[in-house]
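Chains, contacts and geometry: an overview
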Amino acid sequence: MVEFKPCQGKTACRDDGERCLTCGRSLDEIAALRELLKSLTELAITYRYQNVDTFSDYIAKKLRKSIEHRRQSCNERHT
């Protein structure tokens, strides 16, 4: 597994055309994550959520559980 290193911000970002030289992630990976965040943002705006912290916490909790479940399922199939 690879350790995720968060962006340091667009002003800190430098790339070689394929990877960010600051965080080490591929530009494709960064673009994919930005699209997902954009979709979640649009959902919150569309439905006019006032309690953004609750929404964000819910997404984080569900994401964590989904990753753990998927990893466990993958491990069970490979053993």
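Residues numbered from 1 in each chain as written. Predicted model: local features only at pLDDT ≥ 70, side-chain atom pairs only at ≥ 80, totals over all residues. Heavy atoms only, no water.

1. Examining unusual backbone geometry
We count it as follows: In this description a helix means any DSSP run of H or I spanning at least four residues, a strand means any run of E spanning at least two, and both kinds are numbered starting from the N terminus.
Within the chain, Arg48 stands out as a residue other than glycine whose phi angle is a positive 55°. Tracing the sequence through the fold places Arg48 in the loop between helix H1 (27–46) and helix H2 (52–77).

2. What to know about H1
Rules: What a helix is expected to span follows from its residue count: subtract one and scale by 1.5 Å.
Taking 1.5 Å of rise per residue, 20 residues should cover 28 Å, and H1 covers 28 Å from first to last C-alpha, within 8% of that figure. Where H1 ends, the next residue or the one after it, Arg48, has phi of about 55°, a positive value.

3. A look at the packing of aromatic side chains
Worth spelling out the cut-off: Only the six-membered ring of Trp is used, alongside the rings of Phe and Tyr, when aromatic pairs are assigned; centres must lie within 6.5 Å, and planes under 30 degrees apart are stacked while those over 60 apart are edge-to-face, with the rest tilted. The classification of residues rests on relative accessible area computed with a 1.4 Å probe and restricted to protein chains. Under 20% of the type maximum is buried, over 50% is exposed, and intermediate values are partly exposed.
For the structure on display, the rule yields two aromatic pairs. When the ring of Tyr47 is compared with that of Tyr49, the centres are 6.3 Å apart and the planes differ by 25°; the resulting orientation is stacked. Considering the side-chain rings of Tyr49 and Phe55, the 5.1 Å spacing of their centres and the 50° angle between planes classify their relative orientation as tilted. Overall, the relative accessible area of 35% leaves Tyr49 in the partly exposed class. Phe55 sits in the buried class, given a relative accessible area of 15%. Put simply, the rings of Tyr47, Tyr49 and Phe55 pair up and form one aromatic cluster.

4. A few points about the environment of Cys13
Definition in use: When checking whether two residues touch, look at their non-hydrogen atoms; a contact exists if any pair is within 4.5 Å.
Looking at the element boundaries, Cys13 is found in the segment before H1. Owing to a relative accessible area of 29%, Cys13 belongs among the partly exposed residues under this scheme. Sequence separation between Cys13 and Ser56 is 43 residues, and the spatial gap between their C-alpha atoms is 25 Å. Beyond its immediate chain neighbours, meaning those up to four positions away, Cys13 contacts Cys20 and Thr22.

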